[in-house]
Amino acid sequence: MDAKRNSSVTEPQTKEFVISRTFDVPREFMFKLWTDPEHMQRWWGPKGFKVVHSKMDLRPGGSYHYGMRSPDGHDMWGKFVFREIVKPERLVFVNSFSDEKGNVTRHPMHLAWPLEMLSTITFTEQAGRTTVTVRWLPLNATAEECKTFEDGFDSMQQGWGGTFEQLAEYLAKAG
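Attention in this report is confined to the structure presented alongside it.

The rules we used
Residues numbered from 1 in each chain as written. Predicted model: local features only at pLDDT ≥ 70, side-chain atom pairs only at ≥ 80, totals over all residues. Heavy atoms only, no water. Helix = DSSP H or I, 4+ residues; strand = E, 2+ residues; numbered from the N terminus. Rg over C-alpha atoms; globule rule 2.2 N^0.38 Å. Buried < 20%, exposed > 50% of the residue type's maximum accessible area, 1.4 Å probe, protein only. Contact = heavy atoms within 4.5 Å. Salt bridge = Lys/Arg side-chain N within 4 Å of Asp/Glu carboxyl O. Core = buried A, V, L, I, M, F, W, Y, C linked by side-chain atoms within 4.5 Å.

### Notes on the overall build of the protein chain
Now for step 1: Counting its secondary structure elements, the protein chain contains five helices and eight strands.
Now for step 2: Counting from the amino terminus, the protein chain carries its helices and strands in the arrangement α-β-α-α-β-β-β-β-β-β-β-α-α.
Now for step 3: What you see for the protein chain is a C-alpha radius of gyration of 17 Å, in line with the 16 Å of a compact globule of 175 residues.
Now for step 4: Overall size of the protein chain, expressed as C-alpha extent along the three principal axes, is 60 × 40 × 30 Å.
Now for step 5: For the protein chain, with 175 residues in total, the buried portion stands at 43%.
Now for step 6: Partitioning the contacts of the protein chain with sequence separation of at least 6, the portion at a separation of at least 24 is 53%.

### Structural notes on the pattern of salt bridges
A side chain with one charge can pair with a side chain of the opposite charge if their charged atoms come near.
Now for step 1: Tallied over the entire structure, the rule returns 10 salt bridges.
Now for step 2: For the salt bridge of Glu169 with Lys47, the shortest nitrogen-to-oxygen distance reads 2.4 Å. A residue pair is termed long-range when its members are at least 10 positions apart, and Glu169 in helix 5 (residues 153-174) and Lys47 in the loop between helix 3 (37-43) and strand 2 (50-56) qualify at 122 residues.
Now for step 3: Overall, the relative accessible area of 36% leaves Glu169 in the partly exposed class.

### Side note on the nonpolar core
Now for step 1: Met30, Trp34, Trp44 and Tyr64 are the most contacted members of the largest nonpolar core, which has 38 residues in total.
Now for step 2: Residue contributions to this core peak at seven residues, all from helix 5.
Now for step 3: Among residues more than four places away in sequence, those in contact with Trp34 are Met40, Trp43, Trp44, Met56, Leu91, Ile121, Phe123, Val132, Val134, Trp160, Phe164 and Leu167.

### Remarks on unusual backbone geometry
Now for step 1: A cis geometry characterises the amide bond from Lys87 onward to Pro88, with omega recorded as -5°.
Now for step 2: As for its position among the elements, Pro88 is in the loop between strand 4 (75-86) and strand 5 (90-98).
Now for step 3: One non-glycine residue, Ala127, adopts positive backbone phi at about 55°.
Now for step 4: Here Ala127 falls in the exposed class, since its relative accessible area comes to 80%.
Now for step 5: Positive phi outside glycine occurs at Asn140, with the angle close to 55°.

Quick look at the structure:
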C-alpha cells in the first residue's frame, strides 16, 4: 500500500463530545421516547425547532428520517442509520444532515462539518430516574472536519442542551 493511500485510511484523532442529563422517568419509557417517531416528533431538535417530518424504521440498518423547522421558518433535514439497538440500554447510529428524500448532505450552514457523526446514546437508570448520555464522534472525517467538530463543542453543548430542555418540557406536559 502506498504512503498516500495509507494516510487516507488513518482516522484523524478527535476528542469525543459527551453530554448527559437525568430525567425523572424509568429507563424503559425514556428508551421509548427515543425510538417512537410519534414521541420524537414532539420533542426532538434544538430549542424552538418543530419537527415537521418523523419516520422511523427501528432496526439495525434501518433509519430515522426527520425534518425540522427553525423558529424563523427555515427547514433542515437529517437522518439516523441505526447500527445497534439494545433495548432499553443503548442506541448506536450514524447521524447526518440530509435532504427531504433522505440523501446525505452537508450541514446547511457549515460546509466543513463532518458528513457523518457516530452517535451513541446510553440510558442508565437509578432509583427510577434515567440518565441519558450522548457521545458524538465524526465518522470518516477529514482533519479539517475533525477540527470543525472540536471547535463546535460550545455550539453542540447549546444545541443538545436545548434538545434536552425540549424533552423535559415534553415530559412535563405528558406527565
